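Survey of secondary and tertiary structure
Spelled out from the first residue to the last, the chains are:
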Amino acid sequence: MTDCAETMPERNNLLRDNLPTTPLSPRERVPEGRVRDAFEDGVAAALALAAGEETTVTWRRDRKGVVTGWCRLPSGEALLPAARAVAELNGRLAMVTPYLPERAREKGEREIAYHFDLDGATLTLTVILPLQWARVPSLTPIFRNCDWHERELMELYDVQVVGHPDPRRLFLDHTLPNAPFERLVPYSTFTNAATGKALWDKVLAGEREDA
Amino acid sequence: MTTKIIELGPHQLALEEPMYFRVRLEGDRVADLDVMPGQVHRGMEHLVMRRNLYQNITLLERLCSLCSNSHPSTFCTAVEEVAGIVIPPRAEYLRAVADEIKRIASHLFCCAVQANAIGEIPLFRRVMEIREIMQRAKEAIYGNRMDLAANVIGGVRYDLTPEAVAYLYQAMEDMKKPLDELYLQFANNPALMARMAWVGVLPREAAVECAVVGPVARACGIDYDVRKKSPYGAYDRLDFEVATQTAGDVRARNLVRLAEARQSVSLIEQCLAQLPAGPLCADTLPEIPAGEAIAKSEAPRGELMYYLRTDGSDFPVRLKWRVPSYMNWDALKVMLKGEPVANIPLIVNSIDPCIACTDR
């Protein structure tokens, strides 16, 4: 990573070079990939250096000039170096979105999108993982705030986060089955809201424990 | 020094929603903290994938009461981005008006709750009285005191008649002096200074590390406001300064909120003055194609982010959102460290926590 850091463009230069752009007129839409400037080239170069030359970023700019970058990482192993490269660019982890699109599921794959803020621009790094035995490295050593994102990811989906410092459940009760987003779990069970016999059994069991 | 672990719930913390803390004390000072969320987890990310995009506007408005306009408006922006829908200029301004009315009411509620937490009951009443001007405005214009039902995909579903514009102008005029007085009081009142200044300090470096957003970040000198950094709607045509402080304490967080409330008054006046004529909503909506989009907005508590992925049907493949409170909880570990137990309720309320939003 030392080599990467030395050759990476300075963040301040990237921002300075990213001159304000004229907002697009209504109904005008820039085709994806046509918008290029120093900031976007710099981010793409840093990612390619860190995660492999085949890593490419597609940029979109909306009518107000707000930029989003979309990058599919070539492998799960590329996530950690790519995340380090984003941190070097003063990126902030904004959100983690795991999901199971039907098309990916048919291919035996799943996806996790990591969204980063780069001073107003949003960069999304998507990793493609196998459906079974999916594992990703924890990003908590690089982004402290990834802690809760990864805990939520682990409890909702069948994904193992390797190296998470505190892999407890975050929101869900420990009596619920693992990965409810990948199973048919009744909604009232999922939210612990069923008022049937199961709930009363639980209340009575709790009372017995208290006694 | 004795080490003790205590558990605190909403009753002890003066929270109106359930959140629990396991606090490790060294003597009477906080040494460590574990936040235990999930008490109001409603599985909403599960529900949104089983409702169509139009039904989700209604559902998302019920996610949280205080930022109930930010959720549907940001979600609609994500759908509009996927489908390439351009909303009419009048709708952009009307969305900003709704957002800013909610921001003033939300910020004042937070300041009132903190006054209550330190036993300043007359101040609590005064702040809530001032907030009532905004509550009445919401009721008069939108027909409801909390959920405004202002947004649809492609625009808004309410209009401001000339009479409503005049009413709002008067309401904004009525807010100015009380807001200025409140700012001075939170800045200089010795009783408030004694409880709020140098209390619950979050240094700037820790704020960056915890990735906090909104007034919590801006009170540490982080000059980040989505309305400036990633302009949306009418904000690229409105004039305002990002309110920042540098002390990073409870007082600084409140001063940022009160300065923003005052700015929101100006933003609403600018919207009313610039309000263009024209339709409220795109006349025809295209089919929503397969695609993905990010939409962000500055909710009262900070950056709100939505990610939408569609497959060409009316149902989202994935709809994920991250609320500003999500990261702000972690910063409490820094703010509370070394603080006496008596300061816990005030400091917890000073991040303006939203539990319904966090748990979803």
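Residues numbered from 1 in each chain as written. Chains lettered and ligands numbered in written order. Predicted model: local features only at pLDDT ≥ 70, side-chain atom pairs only at ≥ 80, totals over all residues. Heavy atoms only, no water.

Labelled according to an unreviewed UniProt entry, chain B appears under the name Carbon monoxide-induced hydrogenase, originating from Geomonas paludis.

Secondary structure summary: chain A contains 8 helices and 7 strands in total. Per-residue burial over chain A gives 48% buried out of 211 residues. Taking the intrachain contacts of chain A between residues at least 6 apart in sequence as the baseline, contacts between residues at least 24 apart amount to 52%. Looking at chain A as shown, the accessible area adds up to about 10,700 Å², and 51% of this sits on carbon and sulfur atoms. (Helix = DSSP H or I, 4+ residues; strand = E, 2+ residues; numbered from the N terminus. Buried < 20%, exposed > 50% of the residue type's maximum accessible area, 1.4 Å probe, protein only. Contact = heavy atoms within 4.5 Å. Areas by Shrake-Rupley, 256 points an atom, 1.4 Å probe, with all protein chains shown as cover.)

Let us now look at the overall build of chain B. Of the regular secondary structure elements, chain B holds 15 helices and 8 strands. Over its C-alpha trace chain B gives a radius of gyration of 20 Å, about what one expects of a compact globule, namely 21 Å for 360 residues. Each of the three principal axes of chain B carries a C-alpha extent, and together these read 70 × 45 × 35 Å. When the 360 residues of chain B are sorted by exposure, 65% land in the buried category. The long-range fraction of contacts in chain B, counting pairs at least 24 apart against all pairs at least 6 apart in sequence, stands at 71%. For chain B, the accessible area works out to roughly 12,600 Å², and carbon and sulfur atoms hold 52% of it. Charge-centre separation for chain B: the mean point of 41 positive side chains lies 3 Å from the mean point of 46 negative side chains. (Rg over C-alpha atoms; globule rule 2.2 N^0.38 Å. Lys, Arg positive; Asp, Glu negative; His and termini not counted. Charge placed at Lys NZ, Arg CZ, Asp CG, Glu CD.)

For the rest of this paragraph, the subject is the interface of chain A and chain B. By a widespread convention, an interface's size corresponds to the accessible area lost as its parts come together. Contact with chain A, which involves 41 residues of that partner, is made by 52 residues of chain B. Taking both partners together, chain A and chain B bury about 4,000 Å²; carbon and sulfur atoms supply 56% of that area. One salt bridge in this structure joins glutamate 152 of chain A and arginine 360 of chain B, with 2.9 Å as the shortest N-O distance. Linking chain A with chain B are 21 residue pairs in polar contact (both at pLDDT 80 or more), by the criterion used here. When its residues are assigned to classes, the side of chain A that touches chain B shows 18 nonpolar, 9 polar and 14 charged. (Buried area = accessible area lost by both parts, 1.4 Å probe. Salt bridge = Lys/Arg side-chain N within 4 Å of Asp/Glu carboxyl O. Polar contact = N/O pair within 3.5 Å; in protein donor to acceptor, adjacent residues only side chain to side chain. Nonpolar A, V, L, I, M, F, W, Y, C, P; charged D, E, K, R; others polar.)

The subject of this paragraph is the sheet that holds strand β2 (residues 20-26) of chain B. All names here are of chain B. Strand order in the open sheet made by the 3 strands is β1-β2-β3, with antiparallel pairing throughout. Two strands lie at the open edges of the sheet, namely β1 (3-8) and β3 (29-36), each paired on one side alone. Between one strand axis and the next, the sheet turns by 20 degrees as a mean value, whatever way the strands run. Of the pairings in the sheet, the one linking β1 to β2 comprises 6 bridges and is antiparallel in character. Paired with lysine 4 across the two strands is leucine 25, which belongs to β2. Here helix α13 (residues 325-336) sits on the sheet in contact with β2 and β3, set at roughly 170 degrees to β3. (Pairing = 2+ DSSP bridges. Axes fitted to C-alpha atoms, helices over the stretch in contact; angles between N-to-C directions.)

Residue and element names in this part refer to chain B. Its place among the elements puts leucine 308 in strand β7 (residues 302-311). Through-space distance from the C-alpha of leucine 308 to that of alanine 295 is 8.4 Å; in sequence the pair is 13 residues apart. Aside from chain neighbours lying at most four places away, what touches leucine 308 is Leu53, Ala78, Val79, Val82, Gly291, Glu292, Ala293, Pro316, Arg318 and Leu319.

Moving on, we get to the sheet that holds β7 of chain B. Residues and elements named next belong to chain B. If you walk across this open sheet you meet the 3 strands as β6-β7-β8, and the pairing is antiparallel. The sheet terminates laterally at β6 (290-299) and β8 (316-322), the two strands that pair on one side only. Taken pair by pair, the neighbouring strands of this sheet meet at an average axis angle of 10 degrees, ignoring direction. The sheet strands contacting helix α3 (residues 53-61) are β7 and β8, and the helix crosses β8 at an angle near 25 degrees.

Another aspect to go through is the UniProt feature "binding site: Mg(2+)" (unreviewed entry) in chain B. Feature annotation in UniProt assigns "binding site: Mg(2+)" (unreviewed entry) to the following positions: Glu45 of chain B. Looking at the element boundaries, glutamate 45 of chain B is found in helix α2 (residues 44-48). Contact partners of glutamate 45 of chain B, with chain neighbours within four places excluded, come to Glu152 and Phe181 of chain A together with Arg318, Leu319, Lys320, Trp321 and Arg360 of chain B. (UniProt positions renumbered as here; feature names shortened; annotations may be inferred.)

This part covers the UniProt feature "binding site: Ni(2+)" (unreviewed entry) in chain B. Residues and elements named next belong to chain B. UniProt's entry tags Cys64, Cys67 and Cys354 with the feature "binding site: Ni(2+)" (unreviewed entry), counted in the numbering of this structure. Maximum C-alpha separation among the annotated residues is 9.0 Å over a sequence range of 291 residues, consistent with a single clustered spot. You can see cysteine 64 is positioned in the loop between α3 and α4 (70-83). Since its relative accessible area comes to 7%, cysteine 64 is described here as buried. Excluding its chain neighbours within four sequence positions, the residues that come into contact with cysteine 64 are Asp147, Cys354 and Cys357. Tracing the sequence through the fold places cysteine 354 in the loop between α14 (344-350) and α15 (355-359). When sequence neighbours within four positions are dropped, the list of residues in contact with cysteine 354 reads Glu17, Cys64, Arg301, Ser325 and Trp329.

Core analysis: the largest hydrophobic core is formed by 174 residues, its most contacted members being Tyr114 of chain A together with Phe21, Tyr158, Leu160, Leu168, Phe186 and Leu332 of chain B. The greatest single-element share of this core, amounting to 15 residues, is contributed by helix α5 (residues 89-117) of chain B. Setting aside its immediate chain neighbours within four residues, phenylalanine 186 of chain B contacts Cys111, Leu123, Val127, Leu192, Met196, Arg251, Asn254, Leu255 and Leu258 of chain B. Residues Ala94, Met95, Tyr99 and Ala113 of chain A belong to the second largest nonpolar core, which totals 8 residues. (Core = buried A, V, L, I, M, F, W, Y, C linked by side-chain atoms within 4.5 Å.)

All names here are of chain B. It is the contact of helix α7 (residues 162-188) with helix α12 (residues 250-274), at a shortest axis distance of 10 Å, that shows an interaxial angle of 160 degrees. As far as their axial angle goes, α12 and α7 are roughly antiparallel. Between α7 and α12 the crossing geometry is left-handed. Classifying every residue of the contact of α7 with α12 by side-chain character gives 18 nonpolar, 1 polar and 6 charged. (Parallel < 35°, antiparallel > 145°, perpendicular 65-115°, else oblique. Left-handed = near helix turned anticlockwise from the far one by under 90°.)

Moving on to the side chain of serine 106 of chain B. All names here are of chain B. Mapped onto the elements, serine 106 comes out in helix α5. With a relative accessible area of 0%, serine 106 lands in the buried category. When sequence neighbours within four positions are dropped, the list of residues in contact with serine 106 reads Leu66, Pro300, Arg301 and Asp352.

What follows deals with the environment of methionine 95 of chain A. Tracing the chain through its elements places methionine 95 of chain A in strand β3 (residues 92-99). For the pair formed by methionine 95 of chain A and glutamate 150 of chain A, sequence separation is 55 residues and the distance between their alpha carbons is 10.0 Å. For methionine 95 of chain A, the residues in contact, after removing those within four places along its chain, are Ala113, Tyr114, His115 and His149 of chain A together with Met305, Tyr306, Tyr307, Lys320, Trp321 and Arg322 of chain B.

The next point concerns the environment of arginine 169 of chain A. All names here are of chain A. Looking at the element boundaries, arginine 169 is found in the loop between β7 (159-162) and α7 (187-190). On the basis of relative accessible area, arginine 169 is assigned to the partly exposed category, the value being 22%. Sequence spacing of arginine 169 and glutamate 152 is 17 residues, and the spatial spacing of their C-alpha atoms is 7.2 Å.

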